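# Coordinate analysis (summary)
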Amino acid sequence: MFDLKTLQPLARIPVGMGPDAITYDPASRRVFVMNGGSGTASAIDPKSGGVVGTVVLGGQPEEPACDGKGHMYVNLEDSSKVVSVDTRTLEVLGRWSLAPGEEPTGIALDRAHGRLFSGCANNKLVVSDVERGSVVAVLPIGARVDGAGFDPAKGLAWSSNGEGTLTVVHEESPTKFSVVGNVTTALGARTCTFDPRRGGSS
């Protein structure tokens, strides 16, 4: 943990093995770190820098997504499932399969319609319903996916693919999705973030 103004380190926080993805949950006001090596998520109080709890996820976590209401959804790469977590109580609420998707990594959430987008290693973007825990749609994407994003203003989801493409998907309705196209990026460009103020992904 470091100071954004001075960039000086403030604390070294002990978490699980193989920490990878990280997110901030506004509902619980906690930072969550996905520990790929130990199959857990560490919940951190950003004020104190201390770990306030650990969630056993039951698989190897990749990217998480929070709905802002106290729910966090995490892709489990080794079991091709999504696990739902209560960010306040740190309880596992449920899990569901992403079949036919395999080895999910990048994740994005349409909060308004409860639709989760999981980029999978077998060139599939799996859309699931977070309320029912069921797959809604499966779309083709590029190879070596790692990141994903969603623009609620335009109803567009995307996956960043290591092959050097960004697959863009249009959410026509909560049950209908279509691939708009593939944007050329750069070979190895696998992670991404979204700037809602500019409406762009990088």
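So, here is what we can say about the structure in this document.

What counts, and where the lines are drawn
Residues numbered from 1 in each chain as written. Predicted model: local features only at pLDDT ≥ 70, side-chain atom pairs only at ≥ 80, totals over all residues. Heavy atoms only, no water. Helix = DSSP H or I, 4+ residues; strand = E, 2+ residues; numbered from the N terminus. Contact = heavy atoms within 4.5 Å.

What follows concerns the environment of Phe 177. Following the sequence through the fold, Phe 177 ends up in strand 16 (residues 176-184). Note: C-alpha distance between Phe 177 and Cys 192 (15 residues apart in sequence) is 21 Å. If we ignore the near neighbours within four places in the chain, the residues touching Phe 177 are Arg 115, Phe 117, Val 127, Val 136, Ala 137, Leu 139, Val 169, His 170, Glu 171 and Glu 172.

Here the focus is unusual backbone geometry. Cis geometry is found at the peptide bond from Ala 99 to Pro 100, where omega equals 15 degrees. Residue position: Pro 100 is located in the loop between strand 8 (92-97) and strand 9 (104-110). Even without being a glycine, Leu 7 presents a positive backbone phi close to 65 degrees. In this structure, Leu 7 sits in the segment before strand 1 (19-25). Not every positive phi belongs to a glycine, and Asn 123 is a case in point at roughly 60 degrees. Locating Asn 123 in the fold gives a position in the loop between strand 10 (115-120) and strand 11 (124-129).

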